[in-house]
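# Breakdown of the fold
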Amino acid sequence: MTTTSTAPVHVTGAPRGLQRNLGFWGLMFVSLGSIIGSGWLLGALTAATVAGPASLISWALAAVMLLVIALVHAELGAAYPFAGGTARFPSFAFGPLAAFTAGWMTFLQAVTIAPIEVEATLSYTAHIGWVSRHVTILDPHGDLTWPGIAIASAFLLLFTLINLVGVRMLSDSNAVAVVWKTLVPLLTVVVLVTLSFHAGNFTAGGGFMPFGVHGVFAALPAGVVFALQGFEQAIQMAGEARRPQQDVSRAVIVSTVIGMVVYLLLEAAFIGALVPANLVHGWASPIGAGAFGPYAQIASALGVGWLAFVLYLDAVVSPAATGLVYVGTTARITYAMGRERSLPAQLARINVRGVPVWSILAAFVIGELCLLPFPSWQSLVGLVTSATMIMYAYAPVALHALRLRDPFRHRPYRTPAWRVLSPLAFVFANLTVYWSGFEANWKICASLALGLTVFAGIRRLTPAEARTDLHWRSALWIAPWLGGMLLIGYLGRYGTAARGILPNWWDLATVTAYSLAVYYYAVRKALPAEAVVTAVAADESRDLPAPPATAVA
């Protein structure tokens, strides 16, 4: 008897593609699961020590900035629903060289998230009595010990195995975790506001803004932006979405809005629940010297032991679920770059389950290596924030260029007032890069130089007939952009190595003016329309799901 199968059937010798199994809820949970990770456990304390009660402004400002950037990504993700999208949008607009620089930033950002989340879990739980009695996870400086690194490695291995099983397993396991880790922060807010809310805390320790506007901006890269990032994960997984045109943009926007609301409520509840006596001498140690788990410490002090237990449990679930997602999305980025031949082509190979095996294994290995030079949560946050915002900055430039060069493209979602919001998103990204500090930015630029060396080596080993045109003229704007931002950072006021030559507010005006100049120059340098349409069509033909096949039972 003959039956018709609706699932893709791969025939021997036929090209194999990623399996499109994710619906709206799967995509939304992937993004929301990335947004609500270790940031909610640690971000409120870090922001409060830098900005005091004005950290609420930091969270609100970051929320607005990231929402604008998310709206830009939402249009691109719906119009160009390909795996590893943040590394491919610049390819369509500016060619392979620009795509590699964007992809390398995307890769650096994503590959370090899983180790950060694991470090957060171990840092939060290392001081639990029964844990500390059996194993020493942290040294006196707060860095992972060798037993701590071994436990962290076990977490990363578990994430890798789940991702190797397939995208449906990843989606299902992540959905359960996201429901849990969204409810726990909301429960925490309700309990703390009900049992301990001191309105006077919002003006204690030097007033509402004890560190001035400088503190508000400095808090952004100190954990605030890091906590709110992650909406782009639905875009990275768009190549495995069943209805990418309809679902990707909705997933990005819904997850971003939920994350914004949760984090604002958490910061307000945290500040209100602090013991007023701890704020008499300022905001250096609002929950006591040496304390690390802010919400659990407060719950214990209030005598709410059951909430402290839930919070310590969530310190495992929330970061672990985020790390699980990022191992998978990192693999999709290297998969996309492997297909573009900017990284070894082996990374684009997938198995019969539609899983990029070698990319997932590479994410595991590099995540392991990150544990050694960056053995603590805080040591990586600033670097990741800078890399993330550079990654985000490519999208608005690409959107403007693609609107002009590919005007007839079907766009299920359109960014409102895009001619205003798109350059504004680029400015917001560059301001956050500036606030991240000169030290973080020169390290990011140095890592890009290393990546370009790798890119040049791979291209040299690629047969001449297989090399694509770099379109280097369309990428000319990138070097002055990053070089200029590095110089402004050196002359600016953020980071211990900054010279402080640019006066207050003039530094922000300089970043804004320079960003707009780079933005419109980059749009002018974009590829011609014919090259854009050809590049998009080539990716569409490779990323289309396998057609239904007739199988004989």
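On a predicted model such as this, the values are computed, not experimentally measured, just so you know.

Before going further, it helps to spend a moment on the overall build of the protein. Scanning the protein from N- to C-terminus turns up 21 helices and two strands. Within the protein, the proportion of its 553 residues that are buried is 59%. Across the protein, contacts joining residues at least 24 apart in sequence account for 84% of those joining residues at least 6 apart.

The full count for this structure, using the stated rule, is three salt bridges. The closest approach of N and O atoms between Glu-75 and Arg-411, which form a salt bridge, is 3.1 Å. Placement of Glu-75 in helix α3 (residues 55-79) and of Arg-411 in the loop between α16 (377-405) and α17 (418-435) is noted, with a sequence separation of 336 residues between them. Accessibility expressed as a relative area gives 6% for Arg-411, which makes it buried.

With that out of the way, let us pick up the packing of aromatic side chains. In this structure the tally under the stated criterion is 23 aromatic pairs. When the ring of Trp-104 is compared with that of Phe-107, the centres are 5.7 Å apart and the planes differ by 40 degrees; the resulting orientation is tilted. Taken together, the positions of Trp-104 and Phe-107, both in helix α5 (residues 96-125) and three residues apart, correspond to about one turn of that helix. When sorted by exposure, Trp-104 lands in the same class as Phe-107, which is buried. Taking NZ or CZ as reference, Arg-250 lies 4.4 Å from the ring centre of Phe-24, over its face.

Although it is not a glycine, Ala-417 adopts a positive phi angle of roughly 50 degrees. Within the secondary structure, Ala-417 sits in the loop between α16 and α17. Of the residues examined, Ala-417 reaches a relative accessible area of 54% and is grouped as exposed. Of note, Trp-505 is a non-glycine position whose phi angle comes to about 75 degrees, a positive value. Looking at the element boundaries, Trp-505 is found in the loop between α19 (478-491) and α20 (506-524).

With that out of the way, let us pick up the nonpolar core. Across soluble globular proteins, nonpolar side chains have a tendency to be buried as a group. Counting residues in each nonpolar core, the largest one holds 156 residues, and the members touching the most others are Phe-270 and Trp-481. Here the element with the most residues in this core is α16; it accounts for 15 residues. Beyond its immediate sequence surroundings of up to four residues, Phe-270 is in contact with Ala-44, Leu-45, Ala-48, Ile-287, Pro-294, Tyr-295 and Ile-298. In this structure, Leu-144, Ile-149, Val-327 and Leu-371 belong to the second largest nonpolar core, which totals 21 residues.

All right, on to helix α7 (residues 146-165) then. Think of an α-helix as turning once every 3.6 residues; residues three or four places apart then point the same way. Over its 20 residues, α7 extends 29 Å from the first C-alpha to the last, a length consistent with the 28 Å expected when each residue adds 1.5 Å. Those residues of α7 that sit buried are Gly-148, Ile-149, Ala-152, Ser-153, Phe-155, Leu-156, Phe-159, Thr-160, Ile-162 and Asn-163.

Where α7 meets helix α15 (residues 357-370), the axes come as close as 10 Å, and the angle between the chain directions of the two elements is 170 degrees. When the axes of α7 and α15 are compared, the pair comes out roughly antiparallel. Residues Ser-153, Leu-156, Leu-157, Thr-160, Asn-163 and Leu-164 of α7 lie in contact with α15, whose contacting residues are Val-357, Ile-360, Leu-361, Phe-364, Gly-367 and Glu-368. When grouped by side-chain class, the residues that make up the contact of α7 with α15 number seven nonpolar, four polar and one charged.

You can see Ser-249 is positioned in helix α12 (residues 244-273). Under the relative-accessibility criterion, Ser-249 is labelled buried at 5%. Apart from residues no more than four positions distant in its own chain, Ser-249 is found in contact with Ala-74, Ala-78 and Tyr-413.

Right, let's get into the packing of α5 against helix α14 (residues 305-339). Close contact between α5 and α14 brings their axes to 8 Å; oriented N to C, the two are set at 160 degrees. The angle between α5 and α14 places the two elements in the roughly antiparallel class. When the axes of α5 and α14 are compared, the crossing they make is left-handed. When its residues are assigned to classes, the contact of α5 with α14 shows 18 nonpolar, nine polar and one charged.

A word on helix α13 (residues 294-301). All of the buried residues along α13 are Pro-294, Tyr-295, Ala-296, Ile-298 and Ala-299. Of the residues flanking the end of α13, it is Gly-303, one or two places downstream, whose phi is positive at about 80 degrees.

Before going further, it helps to spend a moment on the environment of His-400. Assignment of secondary structure puts His-400 in helix α16. Given the relative accessible area of 5%, His-400 is considered buried. C-alpha separation for the pair His-400 and Val-72, spaced 328 residues apart in sequence, amounts to 9.6 Å. Apart from the residues within four sequence positions on either side, His-400 is in contact with Trp-418, Arg-419, Ser-422, Tyr-519, Tyr-520 and Val-523. Within the structure, the side chain of His-400 is placed 2.7 Å from the side chain of Tyr-519, a separation counted as a polar contact.

On average, the protein scores 83 in pLDDT, and the residues at 70 or more come to 88%. Here strand β1 (residues 2-8) is the element of the protein with the lowest mean pLDDT, 33, and α20 is the one with the highest, 97. Note on residues 545-553: pLDDT under 50 across the span, and 13 contacts to partners over four residues away in sequence or across chains.

Before going further, it helps to spend a moment on a nonpolar patch on the surface. Taken together, the side chains of Val-179, Leu-183, Leu-186, Val-257, Val-261 and Leu-265 define a hydrophobic patch exposed on the protein surface, amounting to about 450 Å² of accessible area. Mapped onto the nonpolar patch, the elements with two or more residues apiece are α8 (167-195) and α12. One can find Leu-186 in helix α8.

A few words on the environment of Val-316. Summarising the element assignment, Val-316 is placed in helix α14. Separated by 196 residues in the primary sequence, Val-316 and Ala-120 have C-alpha atoms spaced 8.6 Å apart. Excluding residues within four positions of it along the chain, Val-316 makes contact with Thr-121, Thr-125 and Phe-155.

Thresholds, definitions, all that
Residues numbered from 1 in each chain as written. Predicted model: local features only at pLDDT ≥ 70, side-chain atom pairs only at ≥ 80, totals over all residues. Heavy atoms only, no water. Helix = DSSP H or I, 4+ residues; strand = E, 2+ residues; numbered from the N terminus. Buried < 20%, exposed > 50% of the residue type's maximum accessible area, 1.4 Å probe, protein only. Contact = heavy atoms within 4.5 Å. Salt bridge = Lys/Arg side-chain N within 4 Å of Asp/Glu carboxyl O. Phe/Tyr/Trp six-rings, centres within 6.5 Å; stacked < 30°, edge-to-face > 60°. Lys NZ or Arg CZ within 6 Å of the ring centre and 35° of its normal. Core = buried A, V, L, I, M, F, W, Y, C linked by side-chain atoms within 4.5 Å. Expected span 1.5 Å × (residues − 1). Axes fitted to C-alpha atoms, helices over the stretch in contact; angles between N-to-C directions. Parallel < 35°, antiparallel > 145°, perpendicular 65-115°, else oblique. Nonpolar A, V, L, I, M, F, W, Y, C, P; charged D, E, K, R; others polar. Left-handed = near helix turned anticlockwise from the far one by under 90°. Polar contact = N/O pair within 3.5 Å; in protein donor to acceptor, adjacent residues only side chain to side chain. pLDDT = per-residue confidence, 0-100. Patch = residues over 30% accessible without salt bridge, like charges linked within 9 Å, V, L, I, M, F, W, Y side chains within 5 Å. Areas by Shrake-Rupley, 256 points an atom, 1.4 Å probe, with all protein chains shown as cover.

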